[in-house]
Amino acid sequence: MARKIPYMQIRGGSSKGLYFNASDLPADEDKRNKFLLLAMEGTLEGDSRQIDGLGGATSLTSKVAIITPSTSPKADLDYLFVQVVVGEGRVSTNQTCGNILAAVPHFALETGLIEPGLEKTTVRVKMMNTGAICEITAQTPGGILAEKGDVAVDGVPGTSAPVICNYLDIEGSSCGSLFPTRKLTDIIDGKEVTCIDNGMPVVLLKASDFKLSGNESVEELETNENLKTEIESIRLQAGRIMNLGDVSNKTIPKMCLISSPLNGGIVNTRMFIPHRVHEAIGVLAAVSVATACVYQGTVANEIAEISSNESLFKLEHPTGAMTVQLQIEENNKQPKILKAGVIRTARILSKGEVYIP
């Protein structure tokens, strides 16, 4: 008999995934990961089609959130993010995900882990992958989770109610410091790069250094095998100097090609996550990129078009743009990022039991 486990499938931002209460999953990590693979792909051998599971056959739709009441006095909920590596028969917990994080209040409200406020519900969530805290506010007029609203997220059809995410103290959450190499720029394989971690480890590269305009389509970049080989070589070397060790089987650092903006943003991006090209840009990756843009001496700052006293930073990507709000403390040398915020939307797609073979 197949084992049945309660789950919810929720879209958070421009991703979607399966959400579980930790108490419904095996406590043993290895067994838990096997359950997640079977739920998403239907096999432990790896199936890129995910035809026998609930996954959507892309990295953006092969995500899992595991939620539990927090043991930390600073948080209400603990959130562990698990990335199912499509078709490889394995999962990764080396990174977190800001899009999936945005829907944690939806899961918690629907399952009774938290009580709704009369207008808004704010919950502090500890990201167990990194230890950082995010303060998330969902709209709950009359104590009911709002579905309708006028906020649009590029890469998602229609509009919905806003979910406000404020990231607290995320500097160096995976690498130990904001600029883990202790430099604003490094040279790897003859290319000038910036390695940064403000919630997500990212390596920034100038598209022009690869003889690209930076406005290539996802399909063009996906089929450019020479480019992907060059970027992977840089990524493997960057991982070591970013205190991440051997990253050959890790989903971090992300790799971001940057170029001049075309549609009113501060910079144009093409994100490798790390081997597929993102149709948009991840939330925490966007925070790291925006942060790099305001630090003089980075490859991003060299290209970015930023007005003085700016706090909203629009990052262009293949399907539109994402805006990041940075609360910046200015000083005589370099700025300090006090808080980073983004606006997302979320929608509960289904709720029930997934059958584990």
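Worth saying up front: this structure is predicted, and the values here are computed from it rather than measured.

1. A look at the overall build of the chain
Helix and strand counts for the chain come out as seven helices and 17 strands. Over its C-alpha atoms the chain spans a radius of gyration of 20 Å, differing by no more than 12% from the 21 Å that the globule rule assigns to 357 residues. When the backbone C-alpha atoms are referred to their principal axes, the chain occupies close to 55 × 45 × 35 Å. Looking at the 357 residues of the chain, the share that counts as buried comes to 56%. Sequence separation of at least 24 residues holds for 61% of the intrachain contacts in the chain that already meet a minimum separation of 6. For the chain, the accessible surface area stands at approximately 15,300 Å², while carbon and sulfur atoms represent 46% of it.

2. Here we look at the pairing of strand β7 (residues 133-139)
Of all seven residues in β7, six are buried, a share of seventy percent or more. Two strands pair when backbone bridges link them, and strand β6 (residues 120-127) and β7 are joined in this way by seven bridges, in the antiparallel orientation. Residue pairing in the sheet places Lys126 in a bridge with Ile133 of β7. The turn joining β6 and β7, which pair antiparallel and follow one another in sequence, is formed by five residues; a positive phi near 90 degrees is taken by Gly131. In this structure, β7 lies alongside strand β8 (residues 163-168), joined through five bridges in antiparallel fashion.

3. Some points on the packing of aromatic side chains
All chains considered together, the criterion is met by two aromatic pairs. With 5.2 Å between their ring centres and 70 degrees between their planes, Phe179 and Tyr295 make a pair best called edge-to-face. Linking Phe179 in the loop between β8 and β9 (186-188) with Tyr295 in the loop between α6 (283-294) and α7 (299-303), this pair joins segments that are 116 residues apart in sequence. Pair check on accessibility: Phe179 and Tyr295 agree, each one buried. One residue, Lys191, lies across the ring of Phe210, its end atom 5.1 Å from the ring centre.

4. Details of the environment of Ile266
Here Ile266 lies in the loop between β12 (254-259) and β13 (267-272). For Ile266, a relative accessible area of 2% translates into the label buried. Sequence separation of Ile266 and Thr323 is 57 residues, and the distance between their C-alpha atoms is 9.9 Å. Setting aside residues no more than four positions away along its own chain, Ile266 makes contact with Pro261, Cys293, Ile303, Ala304, Glu305, Ile306, Glu310, Phe313, Lys314 and Leu315.

5. A few points about the domain arrangement of the chain
Parsing the chain into structural domains produces domain 1 (4-169 + 345-355) and domain 2 (186-318). Just the C-alpha atoms count here: the centres of domain 1 and domain 2 sit 25 Å apart. Taken together, the contact between domain 1 and domain 2 spans 13 residues of the former and 14 residues of the latter. Interface area for domain 1 against domain 2, summed over the two sides, is near 1,200 Å², with a carbon-plus-sulfur share of 59%. In this structure, the connection of domain 1 to domain 2 is made through zero salt bridges. Run the count over domain 1 and domain 2 and you get three residue pairs in polar contact (both at pLDDT 80 or more). Across the side of domain 1 that touches domain 2, the residue classes break down as three nonpolar, eight polar and two charged.

6. Section: the pattern of salt bridges
This model, assessed by the stated rule, comprises twelve salt bridges. With a shortest N-O distance of 3.5 Å, Lys191 and Glu230 are connected by a salt bridge. With Lys191 in strand β10 (residues 191-197) and Glu230 in helix α5 (residues 225-241), this residue pair connects regions lying 39 residues apart in the sequence. One network of salt bridges, with partners in common, ties together Glu192, Lys206 and Glu302.

7. What about α5?
Compared with an ideal rise of 1.5 Å per residue, which puts 17 residues at 24 Å, α5 spans 25 Å between its outermost C-alpha atoms and is within 8% of the ideal. For α5, every residue scored as buried is listed here: Leu227, Ile231, Glu232, Ile234, Arg235, Ala238 and Gly239. On its buried face, α5 is in contact with β9, β10, β11 (201-206), α4 (218-222), β12 and β13. One or two steps after α5, the chain reaches Asn243, where phi turns positive at roughly 70 degrees.

8. As for the layout of surface pockets
Quantified by volume, the largest pocket comes out at close to 500 Å³. Contributing to the lining of the largest pocket are 33 residues, with Ser59, Gln83, Thr251, Ile273 and Pro274 lying nearest its centre. Going through the elements one at a time, β4 (77-85), α2 (98-102) and α6 are the ones with two or more residues in the lining of the largest pocket. Its residues assigned to classes, the lining of the largest pocket shows 13 nonpolar, 14 polar and six charged.

Criteria and cut-off values
- Residues numbered from 1 in each chain as written.
- Predicted model: local features only at pLDDT ≥ 70, side-chain atom pairs only at ≥ 80, totals over all residues.
- Heavy atoms only, no water.
- Helix = DSSP H or I, 4+ residues; strand = E, 2+ residues; numbered from the N terminus.
- Rg over C-alpha atoms; globule rule 2.2 N^0.38 Å.
- Buried < 20%, exposed > 50% of the residue type's maximum accessible area, 1.4 Å probe, protein only.
- Contact = heavy atoms within 4.5 Å.
- Areas by Shrake-Rupley, 256 points an atom, 1.4 Å probe, with all protein chains shown as cover.
- Pairing = 2+ DSSP bridges.
- Phe/Tyr/Trp six-rings, centres within 6.5 Å; stacked < 30°, edge-to-face > 60°.
- Lys NZ or Arg CZ within 6 Å of the ring centre and 35° of its normal.
- Domains from an automatic or database assignment.
- Buried area = accessible area lost by both parts, 1.4 Å probe.
- Salt bridge = Lys/Arg side-chain N within 4 Å of Asp/Glu carboxyl O.
- Polar contact = N/O pair within 3.5 Å; in protein donor to acceptor, adjacent residues only side chain to side chain.
- Nonpolar A, V, L, I, M, F, W, Y, C, P; charged D, E, K, R; others polar.
- Expected span 1.5 Å × (residues − 1).
- 1 Å grid on protein atoms, 1.4 Å probe; cavity = no way out; pocket = protein on both sides within 12 Å on 5 of 7 lines; lining within 4 Å.
- Points joined across faces, edges and corners; volume = space filled by probe spheres on them.

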